[in-house]
Amino acid sequence: MAITLYDFELSGNCYKLRLLMNILGLPFDIVPVDFFPGRQHKADWFLRMNPFGQLPVLKDDGLTLSDSGAILAYLAKTYDTTGQWFPDAPAITAEVLRWHVVADDITASSSAARLALGYGYDFDIPKVQKQAHRIFRLMDEHLWFGEREGRDWLCSPAHPTTADIACFPYVMLSEEGGIGREDYPALRRWTDRVRRIPGFTVMSGIFPAGRALQTA
Amino acid sequence: MTLSLSDPTWYPIASSDDLPFRHVYQGQLLGRELAVWRADDGNVNVWENRCLHRGVRLSIGVNEGGELKCQYHGWRYANRSAGCTYIPAHPADAPARRIQNRTYPVREAYGLIWSAANDDQPFRPFPGAEGHDWFPLRPMPVNAAPEDVLAALSALAPDDQPADLMPGLSLRFGGTYYFVQPVDAGRAVIRGLLATQPDATTLRHYNELLSKLRDRLERAAAKKPAPEPLKPAFEKVSAELSTMPEIAVPRGNTITVVVKRKWTSADGVIGFELAARDGHLPTFQPGAHIDLHLPNGMTRQYSITNGPGDLMSYVIGVKQESASKGGSKVLVETVREGDLLAISEPRNNFPLRRDATRTVLIAGGIGITPLLSMARFLDKSSLNYELHYFTRAGDVAFRSELEALHGKVIFHTGLPRAEIGLTIASALGQWSMAQHVYVCGPSAMLETVRSTAAAQGWPDEAIHFEYFKNDKVIDDSSAFEVELARSAMTLHVPSGKTILEVMRDNGLTVPSSCEQGACGTCLTTVIEGEVDHQDVYLNDSEKRSNSCMMTCVSRAKSPRLVLDI
Ligand SMILES: N[C@@H](CCC(=O)N[C@@H](CS)C(=O)NCC(=O)O)C(=O)O
């Protein structure tokens, strides 16, 4: 059993998988793919693995998987013995999948703004920034009421799920796309909580949060 | 109405709940960005959101409980004062106290955090504030001009019960108070307060009401030209304030403190808590000491035992000497709670590195005082340390303070002399990279630690101690002139006499304490001439700078010295 991640170090979608595998303590190999400026994700050898031409791709023995949300679900269902990261209960599965879709909307807005500002991609910057703000507003509201109701995470269980992992990176990287988070205090507190999950790991632009409580 | 950068009004900038344990909140007021954080002692800090070093936002930094650590190059700033306490690029030096971030006034009241652009106005409760258990609604940021937001809120009031306008962009109707936080010319946050604790339905109701109001305001604002944003000028911090000074700075004025508490901490050790009369005391670093000016005219040095950001009072420990030389005797016998004393600003000759993988702290007797402070700093940052405290039986000072620490604290009480050496040897262990030992105690113990450490492979740079004594033989054979620039006097210093003595013979009052070049009390600025340094107080670069000297032991190499006295 060997996991290989086709990875671009500065990609938030690839980082989601590194993050979960680190939290689960899963060993994995990395094959770096030069997304920028090399555009290797559009090279023939890459398109044979993922015809959609998108990172990340993950191989586990004979399996070849793409889409970070799908891979998060796969990893959790295969390797998370606690069953907490992608819970089986149908209602919770639905909640998690709902947020996986939000995560894709965050990629399409916050990550697009970052690609436009930092990597010269051609996106309508004001439009994608506005979309990101709309999502962040909704998340902030959801999380503010969550705190009142004793819910710390995006979904209802008392622990984080892959929904939190999937939404986290491009929230944290939003400033690289010119999207400030000063209007979303509850969202900012949630990013502290994610950064305090045991096994948390960083990527360029995402810092640790420091300890929550002194360990005795 | 136009917003002004210098508007002195107090506005709410956050809810109390926005500042949970060890969080850094990103605040905004009148075009400025703020880093807002609650220290472990409950105090709320409102600072300009920029690290003095490279302008990086402090709101992405780490709240360490008593200090805020910048994410970028790790500069740390103290709770309350915003003074810089540690610069990782200079791990072995003490930063100057005056490296200080910009702070804003702050009040926590009625479930909200309040701040203002300046100190021009005292904080005043809003009408009807007292006597309620206020509940802050979910804050509602709005991309619209603050005055438009206020007008729209006022239009929410029913016709038969018009809104009651209050000072500072606020109003009330039907028992609900609304405050408009002016973020910028085109941005605001609505902060509502309810006088009673609401249920979940009520909260959702208000959130919906305010969300709709926001959407309407933003649609209207989008049709108008965007107002010109406020442009706060970042006061450029001078190089002198934002970089590590090369040299010691002669002490500034003394500070008057009140003896808030005096107690027996152990047989023969008296604790004194010296409190600021208003506001807080200056920033200090672990290992720092203050000069205490005693009622009988003497000056004595005492280490500060406090932890990070603990600036409302300094706690010192004073040993009751049996053969008292007068200093501690006066303190212990005549100073009482409520008395006023004068102290100097803190100075640090015993800086603590915070980049060690292992820190060993070794204290003997009253030598615990600077090491207690160091342990508290390491403790808050969750850095690895071991504190070994050697005392005679019954002499364990600051026991409860030490027991409150989370690291390894080992008490060695009443050990026979022969065992002390062995215990120190095993406490130190073999040296490896990035390990440091700090020792404070009687000179015999200092010697044991130094020689044992050296024998076990510890290099000089890894062994840290503070000089309380100057063991060098002083060469006082030279004779020279001193010109006292501010006193318009020229004096002759013959061989066999110190500059200090000659100044006193001529009727000048100049402060001094140890009179052997160890304590730093007589530090003086040199304007001209070449100094013959003989003290152990200044470090090599300070000595090389030739810009200051200790008049109690140091002399002149040139025929004439000009001093700033
Ligand atoms: N839904 C996909 C989106 C992945 C995605 O957008 N990947 C980026 C890199 S971070 C990419 O490869 N973009 C190139 C493209 O879409 O052509 C996922 O979550 O994996």
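For clarity, every value in this text was computed on a predicted model and none was experimentally measured.

Enquirer: Got a minute to help me understand the domain arrangement of chain A in this structure?
Expert: Residue and element names in this part refer to chain A. Looking at chain A, the domain boundaries give domain 1 (3–79) and domain 2 (90–195). Its C-alpha centre places domain 1 at a distance of 21 Å from the equivalent point of domain 2. Opposite the 17 residues of domain 1 that make contact, domain 2 presents 15 residues. Interface area for domain 1 against domain 2, summed over the two sides, is near 1300 Å², with a carbon-plus-sulfur share of 68%. It is L10, K16 and F36 in domain 1 that bury the most area against domain 2; as a group they hold 34% of the surface buried on that side. Counting across the domain 1 and domain 2 interface gives zero salt bridges. Applying the counting rule to domain 1 against domain 2 returns four residue pairs in polar contact (both at pLDDT 80 or more). Of all elements in the fold, only helix 1 (12–24) and helix 3 (68–79) reach the threshold of two or more residues within the side of domain 1 that touches domain 2. Counting residues per element, the side of domain 1 that touches domain 2 draws most heavily on helix 1, at seven residues. Classifying every residue of the side of domain 1 that touches domain 2 by side-chain character gives nine nonpolar, five polar and three charged.

Enquirer: What am I meant to see in the packing of helix 6 (residues 162–172) of chain A against helix 7 (residues 185–195) of chain A here?
Expert: A pair of packed helices can be characterised by two numbers: the angle between their axes and the separation between those axes. Residues and elements named next belong to chain A. Helix 7 packs onto helix 6 with a crossing angle of 115 degrees between their chain directions and a minimal axis gap of 11 Å. Here helix 6 runs over helix 7; the crossing is left-handed. Between helix 6 and helix 7, the residues in contact are D164, C167, F168, V171 and M172 and L187, W190, T191, V194 and R195, respectively. Counted by class, the contact of helix 6 with helix 7 contains seven nonpolar, one polar and two charged residues.

Enquirer: How do you make sense of empty space enclosed by the protein when you look at a structure like this?
Expert: Enumeration over the complete set of coordinates arrives at six cavities of 30 Å³ or more. The space that makes up the largest cavity amounts to roughly 80 Å³. Along the wall of the largest cavity there are 15 residues; nearest its centre are E182 and P185 of chain A together with P141, V189 and R191 of chain B. Put simply, the parts of the chain that give the lining of the largest cavity at least two residues each are strand 2 (24–29) and strand 16 (187–194) of chain B. The computed volume of the second largest cavity comes to approximately 60 Å³. As for the second largest cavity, its lining consists of R32, E33, E48, R102, Y104, P232, A233 and F234 of chain B. Classifying every residue of the lining of the second largest cavity by side-chain character gives four nonpolar, no polar and four charged.

Enquirer: Please explain the pairing of strand 18 (residues 269–276) of chain B as it appears in this structure.
Expert: Both faces of the sheet carry side chains from a regular strand, because those side chains alternate between them. All names here are of chain B. With eight of eight residues buried, strand 18 is to be regarded as a mostly interior element. Strand direction decides the pairing type here: strand 17 (residues 255–266) and strand 18, joined by eight bridges, are antiparallel. Considered in strand 18, the bridge of V259 is made with L274. Where strand 17 folds back onto strand 18 in an antiparallel hairpin, the turn is made up of two residues, including G268, whose phi is positive at roughly 80 degrees. Across seven bridges, strand 18 lies against strand 21 (residues 313–319) in antiparallel orientation. For L274, the partnering residue across the bridge sits in strand 21 and is Y314.

Parameters and conventions
- Residues numbered from 1 in each chain as written.
- Chains lettered and ligands numbered in written order.
- Predicted model: local features only at pLDDT ≥ 70, side-chain atom pairs only at ≥ 80, totals over all residues.
- Heavy atoms only, no water.
- Domains from an automatic or database assignment.
- Contact = heavy atoms within 4.5 Å.
- Buried area = accessible area lost by both parts, 1.4 Å probe.
- Salt bridge = Lys/Arg side-chain N within 4 Å of Asp/Glu carboxyl O.
- Polar contact = N/O pair within 3.5 Å; in protein donor to acceptor, adjacent residues only side chain to side chain.
- Helix = DSSP H or I, 4+ residues; strand = E, 2+ residues; numbered from the N terminus.
- Nonpolar A, V, L, I, M, F, W, Y, C, P; charged D, E, K, R; others polar.
- Axes fitted to C-alpha atoms, helices over the stretch in contact; angles between N-to-C directions.
- Left-handed = near helix turned anticlockwise from the far one by under 90°.
- 1 Å grid on protein atoms, 1.4 Å probe; cavity = no way out; pocket = protein on both sides within 12 Å on 5 of 7 lines; lining within 4 Å.
- Points joined across faces, edges and corners; volume = space filled by probe spheres on them.
- Buried < 20%, exposed > 50% of the residue type's maximum accessible area, 1.4 Å probe, protein only.
- Pairing = 2+ DSSP bridges.

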